[in-house]
Amino acid sequence: MRVRSLGRHTTIGEMGLITGRPRSANIAAETRSVLYELSAEDYARLKHEEPALSQALLGYVIGVMSERLSFANRAIGVLQR
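Being a predicted model, the structure only gives us computed values, none of them experimental.

(A) Broad picture of the environment of Val61. Residue placement: Val61 occurs in helix H3 (residues 51-79). With relative accessibility at 7%, the residue Val61 sits in the buried group. Taking C-alpha positions, Val61 is 9.8 Å from Ile12, a pair spaced 49 residues apart along the chain.

Pasting the structure below:
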């Protein structure tokens with residue numbers, strides 16, 4: 001079941017990367033796409049070797065997750081009407 005469509009320049013998988021838990025959804029590209037991956041091992045190394053960059057990444061991820069939570073709250077509000 002499609003929950004949401006995402007557009008260009010979208011970050012996915014950030015919750016699993018930060019928490020180390022399995023992902024909560026699957027994603028499928030509908031058009032040709034370019035994907036960049038940051039593995040858990042590379043993320044761990046980044047935290048150790050580049051703490052300032054790691055903090056900047058966490059700030060970005062918090063922003064992404066905040067936007068998604070806001071979207072979900074609005075959707076729930078609409079469904080409750």
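(B) Region of interest: the layout of surface pockets. By volume, the largest pocket is sized at about 2,300 Å³. Forming the walls of the largest pocket are 48 residues, and the residues nearest its centre are Leu6, Thr11, Ile12, Gly13 and Ile27. Secondary-structure elements contributing two or more residues to the lining of the largest pocket are helix H1 (14-19) and H3. In terms of residue count, H3 provides more of the lining of the largest pocket than any other element does, nine residues in total. Here the lining of the largest pocket is composed, by residue class, of 24 nonpolar, 14 polar and 10 charged. Empty space within the second largest pocket amounts to approximately 180 Å³. Taken together, Arg4, Leu6, His9, Thr10, Thr11, Tyr60, Gly63, Val64, Glu67 and Arg68 make up the full set of residues lining the second largest pocket. Residue composition of the lining of the second largest pocket, by class: three nonpolar, four polar and three charged.

What counts, and where the lines are drawn
- Residues numbered from 1 in each chain as written.
- Predicted model: local features only at pLDDT ≥ 70, side-chain atom pairs only at ≥ 80, totals over all residues.
- Heavy atoms only, no water.
- Helix = DSSP H or I, 4+ residues; strand = E, 2+ residues; numbered from the N terminus.
- Buried < 20%, exposed > 50% of the residue type's maximum accessible area, 1.4 Å probe, protein only.
- 1 Å grid on protein atoms, 1.4 Å probe; cavity = no way out; pocket = protein on both sides within 12 Å on 5 of 7 lines; lining within 4 Å.
- Points joined across faces, edges and corners; volume = space filled by probe spheres on them.
- Nonpolar A, V, L, I, M, F, W, Y, C, P; charged D, E, K, R; others polar.

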